[in-house]
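# Coordinate analysis (summary)
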Amino acid sequence: MDLRRDLKNLIPEIKEIVQKINVLSLSDQKALLEQIGGAKVKQEGRTDRSYAHLPPLEYAEVGNVVTRFPPEPNGYPHIGHAKAAIIDEEYARMYNGKLILRFDDTNPLNEKLEYYDAINEGLEWLGIKPDTVKNTSDDIQLLHDYGKKLILNDSAYVCTCKPETIHTLRAKGISCECRKDPNISLDRSKKMFSNSFAQNEAIIRFKGNMSSQNTALRDPTLFRIIEGDHPKLHKQIRVWPTYDFAAPIEDSLDGITHALRTKEYELRNALYFAILDRLNLRKPFLTEFSRLEFDGIPISKRKIKQLIENGIVKSWDDPRLPTLMAMKRRGFLPEAIRKFVLSLGMTLAETKPPIKTLESLNRKIIDPQCRRLFFVKDPVELQVLGAVSKEVVLRNHPNNIDLYVRKVQVSNSFYISREDALEFFNTGTEFRLIELFNVKIVEIKSDSQNQVFVAIQTGDEMKQSTPKIQWVAKEDAYPYKIIIARELYRGEEYNKDSLEIVDGVAESFVSSLNRGTMIQFVRFGFCRIDSNEVAILTHR
RNA sequence: GCUCCGAUGGUGUAGUUCGGUUAAGCAUUUCGCCCUCUCAAGGCGACGAUCCCGGGUUCAAAUCCCGGUCGGAGCACCA
């Protein structure tokens, strides 16, 4: 009681002292901060990543880090793969280490040769160069050997129960008869590896802990029999390891120091280590990061496959898709994707990052190198009374002079967008055809089919306040389409307007641009040339 | 159902390990101004977070402890 009262009186005094200490430690810490700050700047320079950086890796030594990116070649790579691959590569580089690309091809039913290639191409596009490329299937013999070793160890057994039985027993946490006698398992395993069992007749299971609260430890499958034509091994192999078995062994043998994987594997970490323990193999360090998801854009291969099979989406490079080939086709740059991924960090929180951020990063990169060209949506004719035919020189970029200029022949007839025409007619405002002259619409002439907007010139003077619009000379007009891709889903529902095709006219020059060229259609948005008469809107 | 994980402005993150330098940095979005022959980019600025909630410990908590709530994941002869 007394103490309390005393304390109340003492508080101001204490605070004073604390403040003094703070002031003191502040100066100390300032000195420290300078040191730390200096070191940080150096680090950033070393990794050449001033824009965003991943947090330091635990237990990592410079020159001694090996990471791995282990995709299954069962589909086209997408932004989710990009996230994993970029993180793996970034850490490898940050510590002056190595990156291994390992195709996790342990299920002949899923893998296809074209997917190995697609993944290779995707990574190449992203600018990721693995130091080593290998397949899990390269080590199939080795994996078999380790499997046999586990059987001999009494750390694994052959189970011939029906899948349903296995499932229910696992749920209950009870083991089956097959687990009991190691000698039976030994016999059965010989039969299994000499191909005397049929598919679904027998599996090899890990002797985990059937009553563990972590269900991943309840005697998971290590090997199963799959009849299938494997892209690399064809029909030579029937006994295939599962991911749960292959991953830890491959990681350990490949010298991986840090295995980074998505969050849903967290509960398997215990199994991963248990397997390595029984085999006396070196244990890599494991970390998880959250899986990438977006609003309205399906990322899982299963969902994308469905969309294609149902004909909703035409191909794997449909610009609405998050596949790497689609993103490339749409006009996203690998640098932007990298920055974006790094901005997400190594968080474990499940979030849906905004695509707008990616677009903004992309825009800033492409803006300085995109020609500014004219496209007119929903064109109407504009006749300018008294305008003379001439050749005009248009700048290709407001401030990048390396992009030069282009010349266009104009007369008194132009196309402008209906929207603009109507607005300026209705409001009676003077406007300017960019780089040409100022006009005012005075009347609309309608013949049987078309409306023609008639305008008079109101001078050449360039005023900042006059609205300026893009135009296409009638003689130079070239029919053109722009594809606009939007989210495939609004909530749970398919978005019927996810793909819009905008018709219009562009300057004929556009038709000469090569596929892949990035441009900006003035007042319309950034686009990537897709063919001679089609561009895809990247973003505004 | 059982187990595990997460929760910071509209959105994405930094900071949480080792409580105090900053009641919260950056990016994006939105808006305003400047610049500009684009509704782009660039420059400047504004709005916007009692750091999920409730307790506790402490002179001091986004940070530590306890209890909730909400969200996600795993429980395959897929990876």
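Residues numbered from 1 in each chain as written. Chains lettered and ligands numbered in written order. Predicted model: local features only at pLDDT ≥ 70, side-chain atom pairs only at ≥ 80, totals over all residues. Heavy atoms only, no water.

## Observations concerning the overall build of chain A
The condition is simple: Strands here are runs of E lasting at least two residues and helices are runs of H or I lasting at least four, both read from the DSSP assignment and numbered beginning at the N terminus. In this treatment the radius of gyration is a C-alpha quantity, and the globule benchmark scales as 2.2 Å times the residue count to the 0.38 power. Buried means the residue's accessible area, taken with a 1.4 Å probe over protein chains only, is under 20% of the maximum for its type, while exposed means over 50%, and partly exposed covers the values in between. Residue contacts are defined here by distance: any two heavy atoms, one from each residue, within 4.5 Å place the two residues in contact. Note that His is not counted, nor are the chain ends; the positive residues are Lys and Arg, and the negative ones are Asp and Glu. Just so you know, the charge point we use is NZ for Lys, CZ for Arg, CG for Asp and CD for Glu.
For chain A, the helix and strand inventory stands at 13 helices and 27 strands. For 540 residues, the compact-globule formula gives about 24 Å, and the C-alpha radius of gyration of chain A, at 32 Å, lies well above that figure. Taken along its principal axes, the extent of the C-alpha atoms in chain A is 100 × 80 × 45 Å. Counting the 540 residues in chain A, one finds 49% classified as buried. Across chain A, every contact between residues at least 6 apart in sequence was considered, and the portion connecting residues at least 24 apart equals 69%. Here chain A contributes 79 positively and 75 negatively charged side chains, and the mean placements of these two sets differ by 2 Å.

## Regarding the pairing of strand E8 (residues 258-262)
Put simply, the test is: When DSSP finds two or more bridges between two strands, those strands count as paired. Looking down the strands as they point away from the viewer, one classifies a crossover as right-handed if the path from the first strand across the helix to the second runs clockwise.
The buried count for E8 comes to five of five residues, which makes it a mostly enclosed element. Of the two faces of E8, the one carrying His258, Leu260 and Thr262 and the one carrying Ala259 and Arg261 are both buried. In the sheet, E8 pairs with strand E9 (residues 285-289) via five bridges, with the strands oriented parallel. By the bridge assignment, Thr262 is partnered in E9 with Phe289. As for the winding sense of the linkage, the β-α-β connection from E8 through helix H8 (residues 269-279) to E9 is right-handed.

## What about the protein's contact with RNA strand B?
This is how it is decided: Nearness is defined per residue: one heavy atom within 4 Å of the molecule or strand is enough. Here a polar contact is recorded for every N or O atom pair within 3.5 Å, except that within protein the pair must consist of a potential hydrogen donor and a potential acceptor, and residues adjacent in sequence are included only if both atoms are side-chain atoms. When residues are grouped by polarity, Ala, Val, Leu, Ile, Met, Phe, Trp, Tyr, Cys and Pro land in nonpolar, Asp, Glu, Lys and Arg in charged, and all others, Gly among them, in polar.
As a structural note, the neighbourhood of RNA strand B is formed by 59 residues, with Arg224, Thr351, Lys364, Arg372 and Arg523 the closest of them. For RNA strand B, the fraction of protein-proximal atoms (within 4 Å) that sit in sugar or phosphate groups is 68%. A distance of 3.0 Å separates a base nitrogen of RNA strand B from a polar backbone atom of Asn200. When residues of the surface near RNA strand B are traced back to their parent elements, those giving at least two are helix H1 (2-47), helix H5 (163-172), strand E6 (221-225), helix H11 (334-344) and helix H12 (355-366). Residue contributions to the surface near RNA strand B peak at six residues, all from H1. For the surface near RNA strand B, a count of residues per class yields 19 nonpolar, 18 polar and 22 charged.

## Re a negative patch on the surface
Threshold: What makes a patch is a set of residues exposed beyond 30% relative accessible area and free of salt bridges, joined within 9 Å when like-charged and within 5 Å when nonpolar (Val, Leu, Ile, Met, Phe, Trp, Tyr). All accessible-area figures derive from a Shrake-Rupley calculation using a 1.4 Å probe, and residue coverage is judged against the displayed protein chains alone. A pair is scored as a salt bridge if a Lys or Arg side-chain nitrogen falls within 4 Å of a carboxyl oxygen belonging to Asp or Glu.
Together, Glu114, Asp117, Glu121 and Glu124 line one region of the surface with negative charge. Assessed through its relative accessible area of 54%, Glu121 is described here as exposed.

## Some remarks on unusual backbone geometry
The phi torsion at Asp154 lies on the positive side, around 65°, for a residue other than glycine. Relative to the assigned elements, Asp154 resides in the loop between helix H4 (140-152) and strand E4 (156-159). With a phi close to 60°, Tyr404 is a non-glycine residue in the positive phi region. Inspection of the secondary structure puts Tyr404 in the loop between strand E13 (390-395) and strand E14 (405-410).

## Details of the sheet that holds strand E18 (residues 451-459)
In space, the seven strands of this open sheet follow the order E19-E16-E17-E18-E12-E15-E20, with mixed pairing throughout. Two strands lie at the open edges of the sheet, namely strand E19 (468-469) and strand E20 (472-473), each paired on one side alone. Taken together, the two bridges between strand E16 (residues 431-433) and E19 define a ladder with parallel strand orientation. The residue bridging Leu433 from the neighbouring strand is Ile469, located in E19.

## Describing the packing of H4 against helix H6 (residues 182-193)
As a reminder, the rule being used: Only the contacting stretch of a helix is used when fitting its axis, a line to C-alpha atoms as for every element, and angles between N-to-C directions run 0 to 180 degrees. Note that the term roughly parallel is reserved for angles under 35 degrees, roughly antiparallel for angles over 145, roughly perpendicular for angles of 65 to 115, and oblique for everything else. Each helix crossing is assigned a hand: it is left-handed if the near helix lies turned anticlockwise from the far helix by less than a right angle, otherwise right-handed if that turn is clockwise.
Taken N-terminus to C-terminus, the directions of H4 and H6 make an angle of 165°; their axes are 10 Å apart at the nearest point. Taken as axis vectors, H4 and H6 run roughly antiparallel relative to one another. Seen along the crossing, H4 lies across H6 with a hand that is right-handed. Residues His144, Lys148, Ile151 and Leu152 of H4 touch H6, and the partners they reach there are Ser185, Leu186, Ser189 and Phe193. Taken together, the residues that form the contact of H4 with H6 break down as four nonpolar, three polar and one charged.

## Some points on the sheet that holds strand E27 (residues 534-539)
The seven strands lie next to each other as E10-E25-E26-E27-E21-E24-E11, forming an open sheet whose pairing is mixed. Only two strands of the sheet have a single partner each, and these edge strands are strand E10 (371-373) and strand E11 (375-377). Strand-to-strand twist across the sheet, computed as the mean angle between neighbouring axes with direction ignored, equals 40°. Packing of H12 onto the sheet brings it into contact with strand E25 (518-521), strand E26 (525-529) and E27, and relative to E27 it is tilted by some 120°.

## Side note on the packing of helix H2 (residues 79-94) against H11
As a packed pair, H2 and H11 sit with axes 10 Å apart at the nearest point and diverge in direction by 80°. Considering their axes alone, H2 and H11 lie roughly perpendicular with respect to each other. Within the contact between the two elements, H2 uses Ile79, Ala82, Lys83, Ile86, Ile87, Glu89, Glu90 and Arg93 and H11 uses Ile337, Arg338, Val341, Leu342 and Leu344. Here the contact of H2 with H11 is built from residues that sort into eight nonpolar, no polar and five charged.

## Observations regarding the pattern of salt bridges
Within the structure shown, the criterion is met by 32 salt bridges. Between Lys134 and Asp139 there is a salt bridge whose closest N-O contact spans 2.5 Å. The buried category is assigned to Lys134, whose relative accessible area is 13%. Here Asp139 falls in the buried class, since its relative accessible area comes to 17%.

## Some thoughts on the side chain of Arg406
Looking at the secondary structure, you find Arg406 in strand E14. A polar contact of 3.4 Å, which involves the side chain of Arg406, links it to the backbone oxygen of Arg395. Polar side-chain contacts of Arg406 include one of 2.7 Å to the side chain of Glu507. Dropping the residues within four chain positions of it, Arg406 is found in contact with Arg372, Leu373, Phe374, Val392, Val393, Leu394, Arg395, Asn396, Glu507 and Phe509.

## Overview of the side chain of Thr67
Among the secondary structure elements, Thr67 is positioned in strand E1 (residues 66-69). Within the structure, the side chain of Thr67 is placed 2.8 Å from the backbone oxygen of Asp88, a separation counted as a polar contact. Residues in contact with Thr67, not counting those within four places in the same chain, are Asp88, Tyr91, Ala92, Lys98, Leu99, Ile100, Ile256 and His258.

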